[in-house]
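Overview (structure and organization)
Listed below, chain by chain, are the residues.
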Amino acid sequence: MSSSPAVVAVAEYAAFAASLADAVRPLSLGWFRRRLAVDDKADESPVTIADREVETALRAKIAERFPSHGIWGEEFGKQGVDAEFVWSVDPIDGTRSFITGHPLWGTLLALLQNGQPIVGLIDIPATGERWVGVNDPANGVREARFGGEVCATSPVTSLAEATVYATSPDIFDAAEYARFERLTKAVSRRRFGGDCYAYGLLASGHIELVMEAGLQTYDYLAVAPVIEAAGGIITDWEGNPLTLTSQGQVLAAANAELHAAALACIRGK
């Protein structure tokens, strides 16, 4: 890896993201599989003291280290998001899994520079697993690691050989589910569950596709650098890059050829 100032900076940001995940793991695990009061937010998604406590800690540590950086978090909203660097924070991605004792929930962190995610982290506290992706093509830096080792997506390019994941059939409305069904009939198998964990499986080459709807910015911004740095493609359902203003329909694939085939399938072409 080059030692230019820009490269050193992005490596330091990735290391800082990992240190954040290390710091809040004990907080989230301390609440895991305990009886918690569960509140419903305006969008009917659940939230607990664990979500709020973890995000509070993350915000404090980011503000202490990088006071000029903005933060966009799930529980406490936007702060300074017109800054050059903005952190996207999802303290517990998969709160429904968390409150039911299922271990495949995670903490998601992303760093955006001028609106583009350049560092992404998927941390799974209950299993001790972690994916970190750095995708900064302007400075020639692209690398994904799982547990410290370089990881890469599957070489499968045929829909007929692919596995697709979605968190739940409930995330789709009727029209969206029809498009998802079209894809699942073309692939080898489909599976549900996993929340952010499915994107890690894709980055490590165990599955080939993830298709979801209704996601928020903090749900997809952290996984995008991981997928792309591992060799995959992640866009909305029309093939557009994911941004702060995307509508939450996400299609991730192991490679460009498979992504193109999946896009054509869900478009009915």
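Here the residue numbering is sequential within each chain, running from 1 through the sequence in written order. Confidence filtering applies because this is a predicted model: local features only for residues at pLDDT of at least 70, side-chain atom pairs given and counted only at 80 or more, and all residues used for totals across whole chains, interfaces and linings. Processing note: side-chain calculations cover all non-hydrogen atoms of the structure and skip hydrogens and water entirely.

Looking at an unreviewed UniProt entry, one finds the protein named Histidinol-phosphatase and attributed to Pandoraea vervacti. UniProt positions are given in the numbering used here, feature names are shortened, and annotations may be inferred rather than shown by experiment. Per UniProt, the protein carries the Catalytic activity (unreviewed entry) text "L-histidinol phosphate + H2O = L-histidinol + phosphate". Of the comments in the UniProt record for the protein, the one headed Cofactor (unreviewed entry) reads "Mg(2+)".

This part takes up the overall build of the protein. Counting secondary structure elements, the protein contains eight helices and 15 strands. Between the two quantities, the radius of gyration covers C-alpha atoms and the globule rule is 2.2 Å times the number of residues to the power 0.38. The C-alpha radius of gyration computed for the protein amounts to 18 Å, which stays within 12% of the reference 18 Å derived for 269 residues, consistent with globular compactness. The principal-axis extents of the C-alpha atoms in the protein amount to approximately 50 × 50 × 30 Å. Only protein chains enter the accessibility calculation, which uses a 1.4 Å probe; a residue is then buried when its area is under 20% of its type maximum, exposed when over 50%, and partly exposed in between. Each of the 269 residues in the protein was classed as buried or not, and the buried ones make up 55%. Sequence-distant contacts in the protein: of pairs separated by 6 or more residues, those separated by 24 or more amount to 62%. For accessible areas, the Shrake-Rupley method is used with a probe of radius 1.4 Å. Any residue's cover is judged against the shown protein chains and nothing else. When the accessible surface of the protein is split by element, carbon and sulfur atoms take 50% of a total near 11500 Å². Note on charges: Lys and Arg go in the positive column, Asp and Glu in the negative column, and His and the chain ends are not counted at all. In this description, the location of a charge corresponds to atom NZ of lysine, CZ of arginine, CG of aspartate or CD of glutamate. Here the protein contributes 22 positive and 34 negative side-chain charges, whose respective centroids are spaced 4 Å apart. Each helix is a run of H or I in the DSSP string that is no shorter than four residues. Each strand is a run of E no shorter than two, and both are numbered from the N terminus. Residue contacts are defined here by distance: any two heavy atoms, one from each residue, within 4.5 Å place the two residues in contact.

To continue, consider the side chain of Arg-25. Structurally, Arg-25 can be placed in helix H1 (residues 5-31). Accessibility expressed as a relative area gives 19% for Arg-25, which makes it buried. Excluding anything up to four places from it in sequence, Arg-25 contacts Asp-123, Ile-124, Pro-125, Gly-128, Glu-129 and Arg-130.

Let us now look at the sheet that holds strand S6 (residues 106-113). Here a strand pair is declared whenever DSSP counts at least two bridges between the two strands. With mixed pairing, eight strands are arranged side by side in an open sheet as S4-S3-S5-S6-S7-S8-S9-S10. Across the chains shown, the open sheet's two edge strands, defined by having one partner strand only, are strand S4 (77-79) and strand S10 (149-150). Across the sheet, helix H2 (residues 49-65) touches strand S3 (70-73), S4, strand S5 (85-93) and S6, and the angle it forms with S5 is around 155°. Only C-alpha atoms enter the line fits that serve as axes; for helices the fit covers just the stretch in contact. Angles between N-to-C directions range over 0 to 180 degrees.

This part covers the environment of Ala-110. Here Ala-110 is to be found in strand S6. The sequence separation of Ala-110 and Ser-68 amounts to 42 residues, and the corresponding C-alpha distance is 16 Å. Filtering out sequence-adjacent residues up to four positions away, Ala-110 remains in contact with Val-86, Trp-87, Ser-88, Val-119, Gly-120, Leu-221 and Ala-222.

Throughout this description, the term salt bridge denotes a Lys or Arg side-chain nitrogen within 4 Å of a carboxyl oxygen of Asp or Glu. Evaluated as defined, the whole model comprises eight salt bridges. Note that Glu-143 and Arg-145 form a salt bridge whose closest N and O atoms lie 3.0 Å from each other. Two residues, Glu-181 and Arg-190, come together in a salt bridge whose shortest N-O distance is 2.7 Å. Accessibility expressed as a relative area gives 30% for Arg-190, which makes it partly exposed. A single salt-bridge network, built from bridges that share partners, covers Asp-22, Arg-25, Asp-123 and Arg-130.

Position of Val-223 among the secondary structure elements: in helix H7 (residues 223-229). On the accessibility criterion, Val-223 (0% relative accessible area) is buried. For the pair Val-223 and Ala-57, spaced 166 residues apart in sequence, the C-alpha to C-alpha distance is 21 Å. Other than its neighbours up to four places away in sequence, Val-223 contacts Leu-108, Ile-122, Tyr-199 and Ile-234.

A pair of Phe, Tyr and Trp rings is counted when the ring centres sit within 6.5 Å of each other, with Trp represented by its six-membered ring. The angle between the planes then sorts it: under 30 degrees is stacked, over 60 is edge-to-face, the rest tilted. All chains considered together, the criterion is met by 14 aromatic pairs. The interplanar angle of 85° and the centroid separation of 5.1 Å between the aromatic rings of Phe-16 and Phe-66 together place this pair among those described as edge-to-face. Linking Phe-16 in helix H1 with Phe-66 in the loop between H2 and S3, this pair joins segments that are 50 residues apart in sequence. Taken together, the ring pairs connect Tyr-13, Phe-16, Phe-66, Phe-85 and Trp-87 into an aromatic cluster.

You can see Thr-167 is positioned in the loop between strand S11 (163-166) and helix H4 (174-186). Here Glu-212 takes part through its side chain, which lies 2.5 Å from a polar atom of the side chain of Thr-167. In contact with Thr-167, other than residues within four places in its own chain, are Phe-192, Gly-193, Asp-195 and Glu-212. Whenever a nitrogen or oxygen atom comes within 3.5 Å of another N or O atom, the pair is scored as a polar contact, on the condition that within protein one atom can donate a hydrogen and the other can accept it, and that pairs from neighbouring residues in sequence are kept only if both atoms are in side chains.

With respect to the helices, strands and loops of the structure, Leu-121 is situated in strand S7 (residues 116-124). In the structure, Leu-121 is positioned 91 residues away from Gly-30 in sequence and 21 Å away in space, judged by C-alpha atoms.

What follows concerns helix H8 (residues 256-266). All of the buried residues in H8 are Leu-258, His-259, Ala-262, Leu-263, Cys-265 and Ile-266. Axial view of H8: buried residues confined to an arc of 160°, hence all on one face. At its buried positions, H8 is contacted by H4, strand S13 (209-212), strand S14 (233-236) and strand S15 (250-253). Where H8 ends, the next residue or the one after it, Gly-268, has phi of about 80°, a positive value. By arc we mean the arc of the directions from the helix axis to the C-beta atoms, nothing more.

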